[in-house]
Structure formats: structure tokens, C-alpha cells
Amino acid sequence: MKKIRLGTIWLDGCSGCHMSFLDMDERLIEIAEYVDVVYSPYVDMKEFPESVDLTIVEGALSTDHDLRIIKKIRENSKLILALGDCAITGNVSAMKNLYGSEAVLQRGYFELADLNQKYPSKVVPTLLESVIPLHEAVKVDYFLPGCPTPADAIYEMLKSLIEGTEIKIHELTRFGK
Amino acid sequence: MIKEKVRVKNFKIDGVCVTGQSNQTILEVAHDNDIEIPTMCHLRGLSNVGSCRMCIVEIEGRHEPIPSCTAKIKEGMEVTTSSPRIKAAREMILSMMFSERSHTCSTCVVNGDCQLQSKSVELELGHSFTPYLNQRFEVDASHKNFVNDPNRCILCTRCIRVCDEIEGAHALDLFGRGLNTRIIHDMDEPWADSTSCTSCGKCVYVCPTGALYEKDISEEEVVKKREIITELVKNRGQR
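Residues numbered from 1 in each chain as written. Chains lettered and ligands numbered in written order. Predicted model: local features only at pLDDT ≥ 70, side-chain atom pairs only at ≥ 80, totals over all residues. Heavy atoms only, no water.

**Structural notes on the overall build of chain A**
Link 1 in the chain: Along chain A, the regular secondary structure elements total 6 helices and 7 strands.
Link 2 in the chain: Going from N to C terminus, chain A has its helices and strands arranged as β-α-α-β-β-β-α-β-α-α-β-β-α.
Link 3 in the chain: Here the C-alpha atoms of chain A give a radius of gyration of 17 Å, agreeing with the 16 Å that 2.2 N^0.38 yields for 177 residues.
Link 4 in the chain: Counting only C-alpha atoms and orienting by the principal axes, one finds that chain A spans roughly 55 × 35 × 30 Å. (Helix = DSSP H or I, 4+ residues; strand = E, 2+ residues; numbered from the N terminus. Rg over C-alpha atoms; globule rule 2.2 N^0.38 Å.)

Here is the structure:
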């Protein structure tokens, strides 16, 4: 059987959902029989590859880089799974929206900086006006909420996608779980 | 006051023949017959205002759905409590509630005991269908025991109704219009300065979300005694 080409990416989130992924523990071995991880913080791959079957996205979109990469992911992936509340609602990442990116930069790079007070202009990407969930930028195929999404829910979701069965997501997880 | 004669009415809910009194609402009769209709602003024991629209139902011959908590029953009417159209409308209503204010479940003190959150499970809402508005309101933490956080308010007005109808103080009210509407105390004074608030805490207990909550307690310790009001009204009636 051909293995599923799986990508995972960590955008504006805390990596808790990726930790939860690892919390599948010995079940990872079972999953590994069916999937090939082609892009992820877990593997060393610089560029997002072509023809990925499923990409699991953790985190919201908060920078111009996030927007570019999510569009590339959409082009190169058959399916996108939004993992966790940040990817689905913005969650903690989006809390700064109430004040705006300008206020956050002002606080971080001027008020709290003792030396070299200026906005970052190199290396770090530019912040968007506001943090948005994935589905406000691209089409998302599956939503798996949770903060972080419990390992059991990730396992059941992957199993159902591998086996082609249906699951009741809301029996496994919810916003804020 | 001229009392309207109460008559018995026969009608159908989801094809089931039911009977109610003419002063009853569709929701009440559905409840008496163990027919589930999702609700949000409704709380047994309080008056109904139909502000959230979660309990909308379709009536044969009517174009728009109507809230079943305020609609009186009529002889021979045929009510449908769930259809693809109603389901889509309820999802949209819930989406709008989530996107209007900042309901960040993971940082909320009532996470796990919130009726907005549990409604997303009940209606199987995967994500919001409307973009987030990112509105910010000032939090009123002046009261010694309670906090009013309009950022988590869905404007169900349960707090206003319980304060007026059960406690008899009417310390709370709505202020502003549309998206900027919020719950205020007296004439928009800080909660601590409210002369009519008795600090009974009923508003906090009936709040479906984390908009009104008790100070200095953790997520694990939160107890929302929502059914206490229903009990209270029942007991008063027996006296």
C-alpha cells in the first residue's frame, strides 16, 4: 500500500498541538506504518514539498510569511486539517487583535526595550493587521479543535482518515479542551 | 385586568400530536412532551425574550422561522423543530455569537462550564462562519466579589431578567445599540458604586458564559448554579 504523504506545520501557536501529536506515544508506531512525514518540525526539510496528501496545520496566521506558506500548502496539499483552537479561531494568538499589531510592537520593541529601540525590519516577518484563523485565508477540509487538541482526538482523526471511516469529532474534543 | 380565557389547543410538533394551554409557548409544550429544542437565552423560571434566536422553529405556512420561546401555540399549527434550513440558521447564529466578541475558551474561567461552548458541541460547529470582529470592551472588576466582562457577553439578558424578576432589584440593564450593546449597572456606574445591586450573585449564577463570574476562583472551582433559579421559582409558587 502506498503511504500517505503527511505534512505538519507550526504557525502562530505554542507548539502544544505538536506536543499533543507526540503524546500519541506508542500509537505513533502504528500511524508510521501508514504515513510518510514529508514536512514537519519533526523532520529536517526546508521547503514545503509538492503533492502532499494531508497537511496538519497548527496555529493561526499572523504574518506575511504565514499567509504565503498557507497558500503554498493549499496548492500542494490535497487535504488540510486545522489542528487546535489557534488554527480554527485564532485563540490566544488572536488576543492581540483587541489592541492591534502596532500596540504590540510598541510595547515589545520600545516600552520594554532598554537598548536599540526600533521596529524589526530584517529576518522576522511582518505582522498582519490582525491574526486570522486558517479558514479566513484558504479552504480548510477538517477542523479538530482543542487547546491543545487531545492526543486521543488526533489519533482517532488520523485513524479515520487512513481507514476512510467517519468519526464524531465533537465527542472527542471541543474549543478550549 | 381582564383575564384571557385559557383554552386547550391541539397541534403537532415534528408530526407528533400534542396538547397545550393557549397561554403556553411552543417551547413549553415541546418541553412538556420531551421534545428537545436547543435554547440559549431561555432559562426556566425567567420570562422569555427571544433574544438569541437559538430556539427557532418552522411553522407550516409561515415564511420565516420564529423563536419557539416567545411564540404562543395555536390550534392546528404544524411545528418543525429541525430541518436543514433551521440547522444552518442555528449554526450561523452560534457563529455570530462566537465572532462578535472574543470568546477565547482556553483563557476563560468558565472553560468547561460554559453554555456557549457546550452549544458548539451540541450543534457540532466546526468553525465560525463569520469573520471575527475583534471588539474590545473595558472589564468592570470594581465589585468586591464579581466581575463583568462584556468581551464574553452574548447579550442573552438572563442577568437583567433574574435581577428584575427574581431578586426585584433591577440593578442591571442594556446600554448602547447593535454590536456595541453591553450590560450596565444602574446608570452605567462601576458595579461597586451601584446603589441598587444587592450583591446576591444571581446574575453570576445564570450567566451562560464567562461574562459574569466570581472573583479569585480558578477554572476548576467555578460553579454556575443555573438551575437554582428554576428551583427558587418553583418553591415560591408552592407557598
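**What to know about the sheet that holds strand β7 (residues 142-144) of chain A**
Residues and elements named next belong to chain A.
Link 1 in the chain: Taking strand neighbours across the sheet as the criterion, the 5 strands line up as β2-β1-β3-β5-β7 in an open arrangement whose pairing is parallel. Bordering the open sheet on either side are β2 (35-39) and β7, each of which pairs with just one other strand. Mean inter-strand twist for the sheet, computed between neighbouring axes without regard to direction, equals 25°.
Link 2 in the chain: Pairing geometry for strand β3 (residues 52-58) and strand β5 (residues 77-83), over 6 bridges, is parallel. Residue pairing for β5: Ile56 is matched across the bridge by Leu81.
Link 3 in the chain: Across the sheet, helix α3 (residues 64-76) is in contact with β1 (4-10), β2, β3 and β5; its angle to β5 comes to roughly 135°.
Link 4 in the chain: Across the face of the sheet, helix α6 (residues 151-163) comes into contact with β1, β2, β3, β5 and β7 while running at roughly 160° to β7. (Pairing = 2+ DSSP bridges. Axes fitted to C-alpha atoms, helices over the stretch in contact; angles between N-to-C directions. Contact = heavy atoms within 4.5 Å.)

**Observations concerning the state of the cysteines**
Residues and elements named next belong to chain B.
Link 1 in the chain: Applying the stated criterion across every chain yields a total of 0 disulfides over all chains.
Link 2 in the chain: Considering cysteine sulfurs only, Cys108 is the nearest to Cys114, which forms no disulfide, with 6.1 Å between them.
Link 3 in the chain: Classification of Cys114 as buried rests on a relative accessible area of 12%.
Link 4 in the chain: Unpaired in this structure, Cys203 has its nearest cysteine sulfur neighbour in Cys200, at a distance of 6.2 Å.
Link 5 in the chain: Using a relative accessible area of 8% as the deciding quantity, one classes Cys203 as buried. (Disulfide = S-S within 2.5 Å. Buried < 20%, exposed > 50% of the residue type's maximum accessible area, 1.4 Å probe, protein only.)

**Overview of the interface of chain B and chain A**
Link 1 in the chain: At the interface, 21 residues of chain B touch 19 residues of chain A.
Link 2 in the chain: Summing both sides of the interface, chain B and chain A together bury roughly 1800 Å²; the carbon and sulfur share of this comes to 61%.
Link 3 in the chain: Of the charged contacts in the structure, one is a salt bridge between Lys168(A) and Glu124(B), with a shortest N-O distance of 3.5 Å.
Link 4 in the chain: Tallying contributions element by element places helix α3 (residues 115-122) of chain B first for the side of chain B that touches chain A, with 3 residues. (Buried area = accessible area lost by both parts, 1.4 Å probe. Salt bridge = Lys/Arg side-chain N within 4 Å of Asp/Glu carboxyl O.)

**Quick notes on the nonpolar core**
Side chains that are nonpolar tend, in soluble globular proteins, to be buried together.
Link 1 in the chain: Among the nonpolar cores identified, the biggest contains 42 residues, and Leu11(A), Ile70(A), Leu134(A), Met54(B), Leu94(B), Met97(B) and Leu116(B) are the most heavily contacted of them.
Link 2 in the chain: When contributions to this core are tallied by element, the ones reaching two or more residues are β2, β3, α3, β5 and α4 (85-89) of chain A together with α2 (84-100) of chain B.
Link 3 in the chain: Per-element tally for this core: the top contributor is α2(B), with 5 residues.
Link 4 in the chain: Shared between two domains, this core takes at least three residues from each, and those domains are domain 1 (8-82) and domain 2 (109-237) of chain B.
Link 5 in the chain: In this structure, Met97(B) is in contact with Met40(B), Cys52(B), Met54(B), His103(B), Leu116(B) and Ile154(B), ignoring residues within four places of it in sequence.
Link 6 in the chain: By size, the runner-up hydrophobic cluster in this structure holds 21 residues, among which are Leu43(B), Leu46(B), Ala171(B) and Ile229(B). (Core = buried A, V, L, I, M, F, W, Y, C linked by side-chain atoms within 4.5 Å. Domains from an automatic or database assignment.)

**Some thoughts on the pairing of strand β3 (residues 56-59) of chain B**
Residue and element names in this part refer to chain B.
Link 1 in the chain: Residues of β3 alternate between two faces, with Ile56 and Glu58 on one and Val57 and Ile59 on the opposite face, all of them buried.
Link 2 in the chain: Direction of pairing for β3 relative to strand β4 (residues 66-67): antiparallel, over a ladder of 2 bridges. Bridge pairing in β4 links Ile56 to Pro67.
Link 3 in the chain: Linking β3 to β4, which pair antiparallel, is a turn of 6 residues; within it Gly61 sits at a positive phi near 95°.
Link 4 in the chain: Pairing between β3 and strand β5 (residues 78-80): 2 bridges, direction antiparallel.

**Considering the UniProt feature "domain: NADH:ubiquinone oxidoreductase-like 20kDa subunit" (unreviewed entry) in chain A**
Link 1 in the chain: The positions UniProt marks with the feature "domain: NADH:ubiquinone oxidoreductase-like 20kDa subunit" (unreviewed entry) are residues 14-160 of chain A.
Link 2 in the chain: Across residues 14-160 of chain A, helical content stands at 35% and strand content at 21%; the span's end C-alpha atoms are separated by 26 Å. (UniProt positions renumbered as here; feature names shortened; annotations may be inferred.)

**Examining the environment of Ser15(A)**
Residues and elements named next belong to chain A.
Link 1 in the chain: Along the chain, Ser15 falls in the loop between β1 and α1 (16-22).
Link 2 in the chain: In this structure Ser15 comes out as buried when scored by relative accessible area, which is 11%.
Link 3 in the chain: As a C-alpha pair, Ser15 and Gln117 span 102 residues in sequence and 29 Å in three-dimensional space.
Link 4 in the chain: Sequence-distant contacts of Ser15, that is, excluding residues within four places in its chain, are made with Trp10 and Glu58.

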